[in-house]
Amino acid sequence: MSTTLRTPPAHGTAKPPQDTRAGGVEPIAPPPQELTNEEIDKVFATIDIPPCPAIVIDAMREAQKDIPDVVRLAKTISADVGMAAITIKLANSPLFRAGAPITTVRRALERLGTINVVCVVVAAALRETLKGPSAAFLDGYWAKTSAVALGSGMIAKRQYGISPDAAYTYALFHDAGIPLMLRRYPEYEKVLTICRATGDLLVDSEKDYFPCTHPVIGSLLVRNWGLPAPLINAIRLHHERDVYHLPDATLHGNSLSLIATTHIAERLIGQILGEKEYEVGQALFDRAVVHLGLSSEDLEDVHEDMIQALNEAKR
Ligand SMILES: [Fe+2]
């Protein structure tokens, strides 16, 4: 049976995430509840949530067994050339690389662990499922999402208690609602383009122009595809202004740390790519930095690590 090969914390500056919820100075709003029926109806009335592809169902069924059949899982993934290529590339990426480059899905499974590989399969299937108009835009979206996922993993590696692979996986999925909205609403690309040019927060513009937002749609998509509840919850809440002050029962501390790594990665990747940042905003970024206990020197180091990792990933 394959197991996840975890990379130990890389730097001595790592500190445990701080629970900024205790004693927070801001008033605590009532916690967001489960999606209401009204919210779900509104989303399903306007958005076509794609069904779960067969390869994802097969891979998840295998991964959920007490003892997954790695050979069978490798065979399922290898049958899809694109899937196999993505899996092997990730196993050789700076985040997971250990020793000589590997060339087979079977070896990638051993290095990444079954759960990670299934998440990669789901992300690749998602990308395939959401192909359509705005191909050039979508290519840019996935390139940036991959960079944010890598960056989130790099940040998690510096921290105690945050799994780099969980941070990577969460980051891959957290904005899955964006391509769905792009496919559904012809005006969405225009709204996004404005946000990119002005730095207006995308989620605020979505509230202004559309009947739903990408966190809600993304969370419904991953719920429909049978992904784990903590992932669903973190996606749903990642733009809530009070996300760093929610009670543990609403959002578990581990999920909050995943959100924080992504908040920081989004901002830093935006800086590296020379883009205006329209996803996180200054307030959530500042809270993420406090939550993870990062100093300005830590942030500079993370920034450097990310530039290096992105350059290596391009090779
Ligand atoms: Fe988002």
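Residues numbered from 1 in each chain as written. Predicted model: local features only at pLDDT ≥ 70, side-chain atom pairs only at ≥ 80, totals over all residues.

Brief notes about the overall build of the protein chain
To be explicit about the condition: In this description a helix means any DSSP run of H or I spanning at least four residues, a strand means any run of E spanning at least two, and both kinds are numbered starting from the N terminus. Exposed residues have 12 or fewer other C-beta atoms within 10 Å of their own C-beta, buried residues have 20 or more, and residues in between are partly exposed; the C-beta atoms are placed from the backbone. Each residue is represented by a C-beta atom placed from its backbone, and any two residues with such atoms within 7 Å are regarded as in contact.
Of regular secondary structure, the protein chain possesses 16 helices and 0 strands. Out of the 315 residues in the protein chain, the part that is buried amounts to 45%. A separation threshold of at least 6 residues defines the contact pool for the protein chain, and within that pool the share at least 24 residues apart is 71%.

Considerations on the nonpolar core
Cut-off, in case you're wondering: Here a nonpolar core is just a set of buried residues of the types Ala, Val, Leu, Ile, Met, Phe, Trp, Tyr and Cys, joined wherever their C-beta atoms sit within 7 Å.
Judged by nonpolar contacts, the single largest core of 86 residues is most densely connected at Val121, Val122, Ala167 and Val222. Looking at this core, the element that brings in the most residues is helix H6 (residues 114-129), giving 10 residues. Once residues within four sequence positions are removed from consideration, Val122 is found in contact with Val56, Trp225 and Leu227.

Some points on the confidence of the model for the protein chain
Put simply, the rule is: Note: pLDDT gives the predictor's confidence per residue, expressed from 0 to 100.
In the predicted model, the protein chain carries a mean pLDDT of 79, and 85% of its residues have values of at least 70. In the model of the protein chain, helix H1 (residues 37-46) stands out as the element of lowest mean pLDDT, 70, in contrast to helix H15 (residues 281-292), which has the highest, 94. Predicted confidence for residues 1-32 stays below pLDDT 50, and this span has 69 contacts to residues more than four positions away or in other chains.

Comments concerning the packing of helix H14 (residues 253-273) against H15
Quick reminder of the rule: Note on geometry: axes are C-alpha line fits, over the in-contact stretch for helices, and angles between N-to-C directions span 0 to 180 degrees. Angle categories are assigned with fixed cut-offs, so that under 35 degrees is roughly parallel, over 145 is roughly antiparallel, 65 to 115 is roughly perpendicular, and the rest are oblique. By convention the crossing between two helices is left-handed if the near helix lies anticlockwise of the far one by an angle smaller than a right angle, and right-handed if it lies clockwise. Residues are sorted three ways: Asp, Glu, Lys and Arg are charged, Ala, Val, Leu, Ile, Met, Phe, Trp, Tyr, Cys and Pro are nonpolar, and all the rest, Gly among them, are polar.
It is at 9 Å that the axes of H14 and H15 come closest, and there the two elements cross at 125°. Judged by the angle between their axes, H14 and H15 are oblique. Crossing of H14 against H15: the hand is left-handed. Here H14 contributes Leu256, Ala260, His263, Ile264 and Arg267 to the contact with H15, which in turn contributes Leu284, Phe285, Ala288, Val289, His291 and Leu292. For the contact of H14 with H15, the residue count by class is 8 nonpolar, 2 polar and 1 charged.

Some points on the packing of helix H4 (residues 81-91) against H6
Where H4 meets H6, the closest approach of the two axes is 10 Å, and the angle between their N-to-C directions is 130°. Regarding the angle of H4 to H6, the classification is oblique. In this structure, the crossing between H4 and H6 has a hand that is right-handed. Every residue of H6 that contacts H4 at Gly82, Met83, Ile86, Thr87 and Leu90 is listed here: Val117, Val120, Val121 and Ala124.

Focus on the environment of Ile232
As for its placement among the helices and strands, Ile232 is situated in helix H13 (residues 229-237). For Ile232, a count of 23 C-beta atoms within 10 Å corresponds to the buried category. Residues Ile232 and Gly218, spaced 14 residues apart in sequence, show a C-alpha to C-alpha distance of 8.1 Å. Once residues within four sequence positions are removed from consideration, Ile232 is found in contact with Ser219, Val222, Arg223 and Leu227.

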